[in-house]
There are 2 protein chains.
Amino acid sequence: MSIPDTPTSPEDSEARHKAKMQRHKAAVDARIARADQDTGLLLVLTGPGKGKSSSAFGMAARTLGHGGRVGVVQFIKGAIPTGEERFFRRFPDEVEFHVTGEGFTWETQNRARDVERVEAGWAIARGLLQRPDIDLVVLDELNIVLAHGYLPVATVLADLAARPAGQHVVVTGRGAPPELVEAAHTVSEIKVVKHAFKQGIRAQPGIEF
Amino acid sequence: MSIPDTPTSPEDSEARHKAKMQRHKAAVDARIARADQDTGLLLVLTGPGKGKSSSAFGMAARTLGHGGRVGVVQFIKGAIPTGEERFFRRFPDEVEFHVTGEGFTWETQNRARDVERVEAGWAIARGLLQRPDIDLVVLDELNIVLAHGYLPVATVLADLAARPAGQHVVVTGRGAPPELVEAAHTVSEIKVVKHAFKQGIRAQPGIEF
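Reading the values: rules and limits
- Residues numbered from 1 in each chain as written.
- Chains lettered and ligands numbered in written order.
- Predicted model: local features only at pLDDT ≥ 70, side-chain atom pairs only at ≥ 80, totals over all residues.
- Heavy atoms only, no water.
- UniProt positions renumbered as here; feature names shortened; annotations may be inferred.
- Axes fitted to C-alpha atoms, helices over the stretch in contact; angles between N-to-C directions.
- Helix = DSSP H or I, 4+ residues; strand = E, 2+ residues; numbered from the N terminus.
- Parallel < 35°, antiparallel > 145°, perpendicular 65-115°, else oblique.
- Contact = heavy atoms within 4.5 Å.
- Nonpolar A, V, L, I, M, F, W, Y, C, P; charged D, E, K, R; others polar.
- Buried < 20%, exposed > 50% of the residue type's maximum accessible area, 1.4 Å probe, protein only.
- Arc of directions from axis to C-beta.
- Pairing = 2+ DSSP bridges.

As recorded in an unreviewed UniProt entry, chain A goes by the name Corrinoid adenosyltransferase, listed as coming from Ideonella dechloratans. Turning to chain A, the UniProt annotation filed under Function (unreviewed entry) states: "Required for both de novo synthesis of the corrin ring for the assimilation of exogenous corrinoids. Participates in the adenosylation of a variety of incomplete and complete corrinoids." In its Subcellular location (unreviewed entry) section, the UniProt entry covering chain A states "Cytoplasm".

Structure (C-alpha cells):
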C-alpha cells in the first residue's frame, strides 16, 4: 500500500513558487550586477535556420524606437524588392538603406562581377562604420560574402575595430568565418528544426523577404 | 620532385565558377519549383540564443513593407518600455501592439497573478487570431508561458488551428513545447555561441530591448 502524497493547499504551492522565484531572482540580479559595461556590440547571426536577417531588422526597429539611427547594407539581396527595404525606406532621416547585391551567387554566375559589387558594397559599409551618428549598422548576408572569399576578412575586421565606440554592428548570413566569431561579443547560431520550404511551401512575403 | 599544379588562367577559374554556379542554380530552381504552395505559416523561434524576439519584429517590419497588418502580444515583457513597443506604436493603423506582461516570472514572484495576466493576454491573442485583416500575429515569449504551464498548450493549438487560412503567426521564447513544434511549419532553434552578457556587458537598448 503506497502512502499518498501530502496534499498541498494552493497557498503552499504559491509560497513554494514565490520562494523558488526569489532564489531565481537573486541569481539573475547577481548576474545583472556583474554585467555593468556599456559598449558598441558586434553581433553575428549565423547558421542555416530561418531568422538571421529578420533578427537584424528587428534590432533596427528597436534602435529606431530608442531614437537611434540605422545604416543597412544588403550584400546579396537586390534581385527582388523586399519587405524590409520597402519598410525602412519610409524613414530616410533615420535609416540609410543600401542594397548592393544582385541576387545569390548562383543567380549571377559571374564571380568577377560579384566581387566588384561586394567591393562597392564594402565601401558603403566602411562609410557607415565611420559615422558616430549611426547607432546600428546592419551588414546583411556579409557572412556569405566572406565565406565565398569575395572580401578579405582582415579588411572587415580592421574597419569594424576602427568604428565609433558606441556603435553596434550586426552581421548576418550562413558560414560566419571563425575570425569574425572570435571578434564578436554575441554570436547566435540558428539551427533548422524544421522549415516550411521543405514541406513544399514557397517563400512567403513578410516572412522570408 | 613534385609536379607543379597546372596553372589556371583567370578565364578558366571564372568558367569553373560559372559551371559550378549553374549546377547549383539548377538544384535550387528545382527545389523552388517543388515548393509551390502558399499558406499562413506557423513559425516558432526557440532556444537560448539571442535573436528570437528581434526576428519576430523583423518579420513584422517586412509585413508592413508589403502593405500588411500586424498584431503583437507580448506575454512577459512589460516591466520596462522596449524599443519595439515604442517603434511599432508609431503605426496604430497598421500595428496593434499589446503588452500584457509585468516582467519575468522571477520578478513578479506571484504565480496566481502571472496566470491571470497570461489569461488576459491570451484573450487578446485569440481576438487577433480571428481577424482576417491581420496578416501576421507575433506571440512574443509565449513559449515561456507554455513551458511554465500558465496556459494549456491545447488551448493555444486550437485557437491557432482556427485562424484565417493566410494568417502567419510567430511564436517566440525558450522552451517551445513539443506539441507546438509538431504543429509548426518552420522552427528555428537559436544556440548561444557566445553572449555579451557573459562578458560583463549589460543589455543594450536597441539590441536586447
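Having seen the structure, we can now continue with the description.
Caption draft 1: Representation of the packing of helix H2 (residues 52-65) of chain A against helix H2 (residues 52-65) of chain B within the structure. Between H2(A) and H2(B), the least distance of the axes is 6 Å, while the angle of their chain directions is 80°. The pairing of H2(A) with H2(B) is recorded here as roughly perpendicular in orientation. Facing A:Ser53, A:Ser54, A:Ser55, A:Phe57, A:Gly58, A:Met59 and A:Arg62 of H2(A), the residues of H2(B) in contact are B:Ser53, B:Ser54, B:Ser55, B:Phe57, B:Gly58, B:Met59 and B:Arg62. Here the contact of H2(A) with H2(B) is built from residues that sort into four nonpolar, eight polar and two charged.

Caption draft 2: Region of interest: helix H7 (residues 153-161) of chain A. Residue and element names in this part refer to chain A. Restricting attention to buried positions, one finds in H7 the residues Val153, Val156, Asp159 and Leu160. For H7, the buried positions fall inside an angular range of 135° around the axis, keeping them on one side. Within H7, the exposed residues directed more than 90 degrees away from the buried face are Ala154 and Ala161. Looking at the buried side of H7, the elements it contacts are strand E1 (42-46), helix H5 (111-128), strand E4 (136-140), helix H6 (142-147), strand E5 (168-172) and helix H8 (178-183).

Caption draft 3: View of the sheet that holds strand E3 (residues 95-99) of chain B. Taken together, twelve strands build an open sheet; the order of strands is E3(A)-E2(A)-E4(A)-E5(A)-E1(A)-E6(A)-E6(B)-E1(B)-E5(B)-E4(B)-E2(B)-E3(B) and the sheet is mixed. Whereas interior strands pair on both sides, the edge strands pair on one side only; in this sheet they are strand E3 (95-99) of chain A together with E3 of chain B. Within this sheet the neighbouring strands show an average axis-to-axis angle of 15°, counted without direction. As paired strands, strand E2 (residues 70-74) of chain B and E3(B) are joined by five bridges and run parallel to one another. Note that in E3(B) the partner of B:Gly71 across the bridge is B:Glu96. Running over the sheet, H2(A) touches E1, strand E2 (70-74), E3, E4, E5 and strand E6 (186-194) of chain A and is turned about 165° from E4(A). Its contacts with the sheet place helix H5 (residues 111-128) of chain B against E2, E3 and strand E4 (136-140) of chain B, and it is angled at close to 165° to E2(B).

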